[in-house]
Amino acid sequence: MTPLLTRFYGLLLRTYPPAFRAEFGTEMQGVFSAALADSAGHGRTASAGLCLRELRDWLRLMPAEHLSALRKRRSGAIAYGKDENPTGYESYGRYGKMDLGSNGAWRIEGRKETILAVLPPLIFGLGLTLSALTYGGESFRTIAQWKIGLAMAFVLAGALAIAVGAVIALVKRMPDWGFTWLGAFLMGLLFMLLLIVDELSESSKHLVSPTFETGLAIVLLLIAAAALFLSALRGWQRAGLVSIGMASTLALGMCGTANAAPFYRYDLASLSIVLAGLIALLTYVFVKQDDLATRIGVIFGLGVLNSFSICLVNTAWQEHIIEQGKASPLLPMIVLLAIVLVAGPVVGLITRSVRPLLRRA
Amino acid sequence: MNSQTNMQTNLPLTEATFFILLSLAAEPKHGYAIMKDVQALSENRVALSTGTLYGAIKRLLEQDWIERVEGSDAEDEDVEPSGRPRKAYALTRIGRRVLDSEVTRLQRLVTIARPHVVGGQP
């Protein structure tokens, strides 16, 4: 097992920028091998803890090192800004951020950070509503091309903004507000993949091949699950935000499908911004209220809201589904949304007892 | 006064930075020794991964808070499996001053807080 893990670590090292790898790669490999050999003497839990720690930090540090290398290439200088923290980890005072190695307290204190934490559903909802209003219920066959372009641009701009926010959060070593963005981004990727695959399948086309599509979907699902699990290791509240980001993106995405052919229910799709506003309001309460009962109440409230929105969109789906003789997706969708919504908090609460063990390991 | 002010702009240190600098205060150490030392000094609260450790080392080198040196105290451990000398790191004069300033800052905080929280007068 040890040689396999060492080899896997070598692969992770290869993802760092070449300059960083050249300077520290051999040392890092040596230190990892020594730490792994050391932990092997303390049992499998210790080795698993070590590997999880490496994987968690790799997710945060590798993009940051690439960004740092990019900055250096652009500036042509080694010097960092004088205020920049030399470890790359934000200090308590400036950023109100948890410190390395601990699970840390919940630190979304300022108004700016709170607004950042609730923004992703609003951005996505706004994009969907603007897109629906641009279509205005016209059939894709008769609508002007520029309207299609503009409507798509609204949705893509929202998705792109969320992607950029998630990358910034990753580069900043995941401040607490970033967890909503990460969840929204990952679910957005998955949702977009499913939409593209669905569109292509209507004209019997595929992204490379059906196997590739399935593989890609599985990889994205695994990344989302890993992100949820790693967030859960930093506390159930953070994993809760990832779940909220994921579930709200899925619910809003579903709401947006009411506008698609053959439904053309732009009136329903344009309600996305209302749904997004309510989700943002509940997320705000989740962020600001520091007691378990309120947060569980918020999760429950979001579940009800998501279910209501799916029921609403189902009024558009229903006729078409009955026509095709297919089973209603209403119940499976409600269950899926509920699972996504509670997955983060539940995994976070389960891993709460495991975290001290992993830290000791 | 000016250098003191400049030093203050680097504070407060994160726990990880503080422990890395503290680990190097006594003597130069190589990466794995720093990692183990940080864990011991922090009473197992701060467990560095290799990525975190070397990310920090890279930035501390760029800030001239630490420097690379030849070997450390344990001669037989200072060779990598490849036979190359293992790199060790030592605090620079600036790094030591930063560490001293942080310790002073923490001491001041404790002095201010103690009467309020340990049975003293509010």
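Residues numbered from 1 in each chain as written. Chains lettered and ligands numbered in written order. Predicted model: local features only at pLDDT ≥ 70, side-chain atom pairs only at ≥ 80, totals over all residues.

We now examine the overall build of chain B. Across its full length, chain B carries five helices and three strands. Each helix (α) and strand (β) of chain B, taken in turn from the N terminus, gives the series α-α-β-α-α-β-β-α. Counting the 122 residues in chain B, one finds 38% classified as buried. The long-range fraction of contacts in chain B, counting pairs at least 24 apart against all pairs at least 6 apart in sequence, stands at 58%. (Helix = DSSP H or I, 4+ residues; strand = E, 2+ residues; numbered from the N terminus. Buried ≥ 20, exposed ≤ 12 C-beta atoms within 10 Å, placed from the backbone. Contact = placed C-beta atoms within 7 Å.)

Let's shift gears to the confidence of the model for chain B. All names here are of chain B. Confidence in the prediction for chain B averages 82 pLDDT; 77% of positions are at 70 or higher. When mean pLDDT is taken per element in chain B, helix 3 (residues 31-41) scores highest with 93 and helix 1 (residues 2-8) scores lowest with 59. Interface confidence for the predicted complex, expressed as ipTM, amounts to 0.84; the pTM equals 0.56. (pLDDT = per-residue confidence, 0-100.)

Even without glycine at this site, Y264 of chain A takes up a positive phi of about 55°. Take Y264 of chain A: it is sitting in the loop between helix 9 (236-256) and helix 10 (266-269). Phi angles above zero are rare outside glycine, and D64 of chain B is one such case at about 60°. Checked against the element boundaries, D64 of chain B lands in the loop between helix 4 (50-62) and strand 2 (66-70).

Further remarks concern the packing of helix 7 (residues 178-202) of chain A against helix 8 (residues 210-232) of chain A. Residue and element names in this part refer to chain A. Look at helix 7 against helix 8: their axes get within 10 Å of each other, and the N-to-C directions meet at 170°. Viewed along their axes, helix 7 and helix 8 adopt a mutual orientation that is roughly antiparallel. Considering only the axes of helix 7 and helix 8, their crossing is left-handed. Mapping the contact onto sequence places F179, L182, L186, L189, L190, L193 and V197 in helix 7 and E213, L216, A217, L220, L221, I223, A224, A227 and S231 in helix 8. (Axes fitted to C-alpha atoms, helices over the stretch in contact; angles between N-to-C directions. Parallel < 35°, antiparallel > 145°, perpendicular 65-115°, else oblique. Left-handed = near helix turned anticlockwise from the far one by under 90°.)

Before going further, it helps to examine the sheet that holds strand 2 of chain B. Residues and elements named next belong to chain B. Across the sheet, three strands lie side by side as 1-3-2; this open sheet has antiparallel pairing. In this open sheet, the two strands that pair with only one neighbour each are strand 1 (29-30) and strand 2. Of the pairings in the sheet, the one linking strand 1 to strand 3 (residues 87-91) comprises two bridges and is antiparallel in character. Paired with K29 across the strands is Y89, a residue of strand 3. (Pairing = 2+ DSSP bridges.)

Moving on to helix 7 of chain A. Structurally, the α-helix is built with 3.6 residues per turn, so residues lying three or four positions apart point the same way. With 25 residues, helix 7 of chain A extends 36 Å from end C-alpha to end C-alpha; this agrees with the ideal 36 Å at 1.5 Å per step. The first or second residue beyond helix 7 of chain A is S204 of chain A, which carries a positive phi of 55°. (Expected span 1.5 Å × (residues − 1).)

In this structure, L182, M246, A247, L250, A251, C255 and L302 of chain A are the most contacted members of the largest nonpolar core, which totals 75 residues. With 12 residues, helix 9 of chain A is the largest single contributor of residues to this core. Beyond its immediate sequence surroundings of up to four residues, A247 of chain A is in contact with L302, N306, L337, V340 and L341 of chain A. Residues L13 and L36 of chain A together with I34 and W65 of chain B belong to the second largest nonpolar core, which totals 38 residues. (Core = buried A, V, L, I, M, F, W, Y, C linked by C-beta atoms within 7 Å.)

Per-residue pLDDT for chain A has a mean of 82; in total, 88% of the residues score no lower than 70. Note that residues 77-104 of chain A has pLDDT below 50 and, in this model, 65 contacts with residues that lie over four places away or in other chains.

Of the residues making up helix 3 of chain B, those classed as buried are G31, Y32, A33, I34, M35 and V38 of chain B. In the core, the buried residues of helix 3 of chain B are packed alongside helix 2 (18-40) of chain A together with helix 2 (15-26), strand 1, helix 4 and strand 3 of chain B. One or two positions beyond helix 3 of chain B, positive phi appears at E43 of chain B, with a value near 55°.

This part takes up the pairing of strand 3 of chain B. Residues and elements named next belong to chain B. Counting buried residues along strand 3, four of its five residues qualify, which places the element largely inside the surrounding structure. Relative to strand 3, strand 2 runs antiparallel, the two sharing five bridges. Following the sheet pairing, E67 is matched in strand 3 by A90.

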